[in-house]
Amino acid sequence: MAKPIDPKKRPMPKQAPFERVRNFDEVALGYTPGLAREEASRCLACKNPHCVRGCPVAIDIPGFVQCIIDGDFSGGIKKIKERNALPAVCGRVCPQEEQCEKVCVLGKKHEAVAIGRLERFLADWEAASGAIGRPDIAPPNGKRVAVVGSGPAGITVASDLALLGYDVEMFEALHEAGGVLTYGIPEFRLPKAIVRREVEYVKSLGIKLHLDFIVGKTRTVDDLLRDFDAIFIGAGAGLPWFMEIPGENLNGVYSANEYLTRCNLMKGFRFPAYNTPLKRASRAAIFGGGNVAMDSARTALRLGADEVHVVYRRSRDELPARLEEIENAEEEGVIFDYLTLPIRLIGDESGWLTEIECLRMELGEPDQSGRRRPVPIEGSEFRMKADAAVCAIGNSPNPLIAMTTPGLAIGKKGNIVADEETGKTSREGLWAGGDVVTGAATVISAMGAGRRAARSLHESLFGPPVPPPGEEEK
Ligand code: FAD
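Residues numbered from 1 in each chain as written. Predicted model: local features only at pLDDT ≥ 70, side-chain atom pairs only at ≥ 80, totals over all residues. Heavy atoms only, no water.

Some words on helix H17 (residues 443-462)
Stage number 1. With 20 residues, H17 ought to run about 28 Å at 1.5 Å a step, and its terminal C-alpha atoms sit 29 Å apart, in line with that.
Stage number 2. Buried within H17 we find Val443, Ile444, Ala446, Met447, Gly448, Ala449, Gly450, Arg451, Ala453, Ala454, Ser456 and Leu457.
Stage number 3. As for H17, its buried residues are in contact with helix H6 (87-93), strand S1 (144-148), helix H8 (152-163), helix H9 (180-183), strand S4 (230-233) and strand S16 (430-432).
Stage number 4. In the stretch just after H17, Gly463 is the one whose phi turns positive, near 85°. (Helix = DSSP H or I, 4+ residues; strand = E, 2+ residues; numbered from the N terminus. Expected span 1.5 Å × (residues − 1). Buried < 20%, exposed > 50% of the residue type's maximum accessible area, 1.4 Å probe, protein only. Contact = heavy atoms within 4.5 Å.)

Written out as structure tokens, the structure is:
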């Protein structure tokens, strides 16, 4: 007899909205073992699992889901870790609704299996059990690799190569490792203890981490190439875009990068224990509609703002942020001003922001991205009050490495040009991947790029893998 369909996901237990807007603790509390097994039991165990193809690192999703059903949590986390070194992070921040869950067969008529929540459950179960497993490390192979940047791309390359017996050193510009996971994504969505745990795991593989080391300043890529057999550049996309409108240099106007870094990395949210200046607005406006905008808006609320507006030039349907985070922001009372474009920032005589002039928009024909283009409505100017504004409209790579590495091919948006499949750049011995190549993207896509680059780098130094006996090409 066919298994009865269970149409709805088990909801994620969360802190209540009125409570959580007053603290920086994690919002989502995670499944209990009982909830995880109930949710896992919804899986249809498809013979041809689309979910695996929807995962950029091809995790054996049906395999780990079955382990949860069987109560074999240690077997489940082992299966995930065969393909993903950061399960606690990915279970929390991956846009599953655009990837594995989007193609889940159950999701065609009902709600998809909550794959991300199950991944997070197993990672947290492992951490709580205190028995973090570590795969075997190959004996030293005599080759040295430098990894620039300690975000998800750099961490993936470094750990994959360390397991293959490389001597790996990681160079990070900031005083803490983790990239955007540390300085960008707020504590209430990704607790820093989890990122630190993942970084410690990577260090336990024998990787040497150099902090406060700016490649391009402390030493150039060419300096490093003299000491290492190869280099991977995973320097991310940390250069913020601005709106290029009058008034952006007023006090109280931030890039999301600066706003979130002051709050997360520099612990602005723990004032006065940490004396990091950060505007505590009473009416904040956030420009943009992605994850960065949601994080900035929810941070402003937690810093005490009475009113926070997300000002977005398209409609709710086009918001690029993860659905879960949009819903969290709505529940917390963030006000969404759709079809609205800021055109001028206005300040008082002391140079502080007081008002924002905006235009109303309507949606026209689809543009290159396939989304309907926002078109200004003539004569629709209006003003809104605000004493802080955060610009979260995008980022591109910092130009430092491009400027100090002769012969490295650079794209129109300042990105390093690298082969999509291998991560090879125009320079011999140099690989690159993650946001520094694609522009701002996702954690899992950066990790996927890191994995492909590690494989290519290894093949380039040691030749392609030898097929097992009996499987040689005839
Ligand atoms: P990064 O994480 O940016 O790491 C690059 C590292 O390189 C940084 O630590 C940087 O300091 C270092 N570096 C830079 N230049 C140098 C140099 N010259 N020398 C030495 N070190 C250097 N993605 C999701 O999937 N889900 C989300 O929910 C999500 N939310 C996000 C929220 C925010 C606020 C932001 C900013 C991004 C978010 N993203 C999200 C995107 C995701 O975090 C990035 O796509 C991902 O971190 C890219 O990884 P990376 O390793 O390429 O770069």
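Quick look at the packing of helix H5 (residues 73-81) against helix H7 (residues 115-129)
Stage number 1. The contact between H5 and H7 brings their axes to 9 Å, and the two run at 110°. If you check the angle between H5 and H7, you find them roughly perpendicular. The handedness of the crossing between H5 and H7 is left-handed. Contacts between H5 and H7 involve Phe73, Ser74, Gly76, Ile77, Ile80 and Lys81 from the former and Glu119, Phe121, Leu122, Ala123, Trp125 and Glu126 from the latter.
Stage number 2. Taken together, the residues of the contact of H5 with H7 break down into seven nonpolar, two polar and three charged. (Axes fitted to C-alpha atoms, helices over the stretch in contact; angles between N-to-C directions. Parallel < 35°, antiparallel > 145°, perpendicular 65-115°, else oblique. Left-handed = near helix turned anticlockwise from the far one by under 90°. Nonpolar A, V, L, I, M, F, W, Y, C, P; charged D, E, K, R; others polar.)

Here's the deal with the side chain of Thr405
Stage number 1. Positionally, Thr405 belongs in the loop between helix H15 (400-404) and S16.
Stage number 2. In this structure Thr405 comes out as buried when scored by relative accessible area, which is 2%.
Stage number 3. A distance of 2.7 Å separates a polar side-chain atom of Thr405 from the backbone oxygen of Ile401. (Polar contact = N/O pair within 3.5 Å; in protein donor to acceptor, adjacent residues only side chain to side chain.)

A short note on the pattern of salt bridges
Stage number 1. Summed over all chains, the structure comprises 40 salt bridges.
Stage number 2. With a shortest N-O distance of 3.4 Å, Glu331 and Lys14 are connected by a salt bridge. Of this pair, Glu331 sits in helix H14 (residues 323-332) while Lys14 sits in the segment before helix H1 (17-20); the two residues are 317 residues apart in sequence, bridging distant segments of the chain.
Stage number 3. With relative accessibility at 41%, the residue Glu331 sits in the partly exposed group.
Stage number 4. A salt bridge links Asp367 to Arg314; the nearest nitrogen and oxygen atoms lie 3.3 Å apart. Of this pair, Asp367 sits in the loop between strand S11 (353-366) and strand S12 (372-376) while Arg314 sits in the loop between strand S8 (307-311) and H14; the two residues are 53 residues apart in sequence, bridging distant segments of the chain. (Salt bridge = Lys/Arg side-chain N within 4 Å of Asp/Glu carboxyl O.)

Considering the site of the ligand
Stage number 1. Surveying the vicinity of the ligand reveals 35 residues, the closest of which are Val93, Glu172, Arg189, Val215 and Asp435.
Stage number 2. Here an oxygen atom of the ligand sits 3.2 Å away from a polar atom, N or O, in the main chain of Pro152.
Stage number 3. Residue Thr442 places a main-chain N or O atom 3.3 Å away from an oxygen atom belonging to the ligand.
Stage number 4. With the chains in place, 94% of the 1,000 Å² that the ligand exposes on its own is no longer accessible.
Stage number 5. The leading source of residues in the shell around the ligand is helix H13 (residues 291-302), at three residues.
Stage number 6. Per-class residue counts for the shell around the ligand are 20 nonpolar, ten polar and five charged. (Near = heavy atom within 4 Å. Areas by Shrake-Rupley, 256 points an atom, 1.4 Å probe, with all protein chains shown as cover.)

Considering the packing of H8 against H17
Stage number 1. As a packed pair, H8 and H17 sit with axes 7 Å apart at the nearest point and diverge in direction by 35°. Relative to H17, the crossing made by H8 is right-handed. Here H8 contributes Pro152, Ala153, Thr156, Val157, Asp160 and Leu161 to the contact with H17, which in turn contributes Val443, Ala446, Met447, Gly450, Arg451, Ala454 and Leu457.
Stage number 2. Residue composition of the contact of H8 with H17, by class: nine nonpolar, two polar and two charged.

On their own, these measurements won't tell you what the molecule is for.
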